[in-house]
Amino acid sequence: MEVFSSSNSPFSIVNHRLVGGGVIHVVCEKNRRGLGEPDMIILHYTGGTSAMSSAKFLARSDVKASAHVVIGRDGQVIQLVPFNIEAWHAGKSSYGGRSELNHYSIGIELDNLGQLRLEEGKFVAECGREVPVKEVYTEDSGEVPTYWHDYTDVQMRVLNEVCGLLVDTYPIRDIVGHSDVTSRKVDPGPALRVADWIRYY
């Protein structure tokens, strides 16, 4: 039995699965292809209404997408796919001269509603849910501001702990956003500020 842990985290990796810290495991039987030694982490947002609903959706046999881990806004961690099994999170993708990045990467989904639209003074997600102003991140570096569901502090702390453990366990050399590997996607969006966050690794 292989066990990897860090003194700075409540989590450990046992046989390619996260344990500790209240991790929930959801069975995702559709993913069976071996991953070998992943060397990338790709970050996503779910666009769903909750971490558990997104995890259950991704685990469905009729859904052509999955992820290794979902991290909730309250810091809850849900694992669907072991880290030595390929998950279907990157789609048609390329980075650093390689394509089909599902073959090399760990996919982490963050419970987040993504880009928001401003309607009659209210911020509304694609799913129709209204987002409180205190949870809105405004990106104003372009000609027109855009609005995004912000991530929570506890969610970022847990993401940092999980990524740190993965970096210590596997030969991870890149942590990127989904939008860094395909022009089709905008996740995890500017609210994560990957370029700033990534400096810790």
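Residues numbered from 1 in each chain as written. Predicted model: local features only at pLDDT ≥ 70, side-chain atom pairs only at ≥ 80, totals over all residues. Heavy atoms only, no water.

K.L.:
So what's going on with the overall build of the protein? Which residues, and what values?
P.N.:
If you tally the helices and strands in the protein, you get three helices and 16 strands. By principal-axis analysis of the C-alpha atoms, the protein measures approximately 55 × 35 × 35 Å. A separation of at least 24 residues holds for 68% of the contacts in the protein among residues at least 6 apart in sequence. As displayed, the protein has an accessible area near 10,100 Å², and 48% of this comes from carbon and sulfur atoms. (Helix = DSSP H or I, 4+ residues; strand = E, 2+ residues; numbered from the N terminus. Contact = heavy atoms within 4.5 Å. Areas by Shrake-Rupley, 256 points an atom, 1.4 Å probe, with all protein chains shown as cover.)

K.L.:
Could you give an account of the domain arrangement of the protein, with specific residues and numbers?
P.N.:
Partitioning the protein into structural domains gives domain 1 (17-27 + 34-112 + 152-200) and domain 2 (114-150). Computed from C-alpha atoms alone, the centre-to-centre distance between domain 1 and domain 2 is 23 Å. Taken residue by residue, the interface counts 10 residues in domain 1 and 10 residues in domain 2. For the domain 1 and domain 2 pair, buried surface summed over both sides reaches about 920 Å², with 55% attributable to carbon and sulfur atoms. Here domain 1 is connected to domain 2 by one salt bridge. In this assembly, domain 1 and domain 2 are joined by six residue pairs in polar contact (both at pLDDT 80 or more). (Domains from an automatic or database assignment. Buried area = accessible area lost by both parts, 1.4 Å probe. Salt bridge = Lys/Arg side-chain N within 4 Å of Asp/Glu carboxyl O. Polar contact = N/O pair within 3.5 Å; in protein donor to acceptor, adjacent residues only side chain to side chain.)

K.L.:
Could you give me a rundown of the pattern of salt bridges, with the residues and numbers involved?
P.N.:
With the rule as written, the count across this model stands at eight salt bridges. When the shortest N-O distance is used, the salt bridge between R173 and D39 registers 3.9 Å. Taken together, the residues span a long stretch of sequence, with R173 in the loop between α2 (153-169) and β16 (174-177) and D39 in the loop between β4 (24-25) and β5 (40-45) at a distance of 134 residues. The class for R173 is exposed, based on a relative accessible area of 56%. For D39, a relative accessible area of 12% puts it in the buried group. A salt bridge links D174 to R173, with the shortest nitrogen-to-oxygen separation between them at 3.9 Å. Accessibility expressed as a relative area gives 23% for D174, which makes it partly exposed. Several salt bridges share partner residues, and in doing so they unite D39, R98, R173 and D174 into one network. (Buried < 20%, exposed > 50% of the residue type's maximum accessible area, 1.4 Å probe, protein only.)

K.L.:
Account for the pairing of strand β11 (residues 115-119), with residues named and values stated.
P.N.:
Across two bridges, the pairing between β11 and strand β15 (residues 146-149) is antiparallel. Bridging across to β15, L116 finds its partner in Y147. Counting the residues between successive antiparallel strands, the hairpin from β11 to strand β12 (residues 122-125) contains two residues, one of them, E120, with a positive phi of roughly 50 degrees. (Pairing = 2+ DSSP bridges.)

K.L.:
Can you explain the packing of aromatic side chains? Please cite residues and give values.
P.N.:
All told, the structure shown has two aromatic pairs when counted by the stated rule. Ring centres of F83 and Y170 lie 6.1 Å apart, and the angle between their planes is 70 degrees; this geometry places the pair in the edge-to-face category. Here the residue F83 occupies a position in the loop between β7 (77-79) and β8 (94-95), and Y170 occupies one in the loop between α2 and β16, the gap between them amounting to 87 residues. The same class applies to F83 as to Y170, namely buried. R98 extends its terminal NZ or CZ atom over the ring of Y104, reaching a point 4.1 Å from the ring centre. (Phe/Tyr/Trp six-rings, centres within 6.5 Å; stacked < 30°, edge-to-face > 60°. Lys NZ or Arg CZ within 6 Å of the ring centre and 35° of its normal.)

K.L.:
So, the sheet that holds strand β6 (residues 69-71): which residues are in play, and what are the values?
P.N.:
Within the open sheet, the six strands sit side by side as β4-β7-β6-β10-β5-β16. Their pairing is mixed. Looking at strand neighbours, the two that pair on one side only are β4 and β16, the edges of this open sheet. Inspection of the sheet shows β6 paired to β7 by three bridges, in the antiparallel sense. Paired with I71 across the two strands is V77, which belongs to β7. Sitting on the sheet, α2 is in contact with β5, β6, β7, β10 (105-110) and β16, with an inclination near 170 degrees to β10. (Axes fitted to C-alpha atoms, helices over the stretch in contact; angles between N-to-C directions.)

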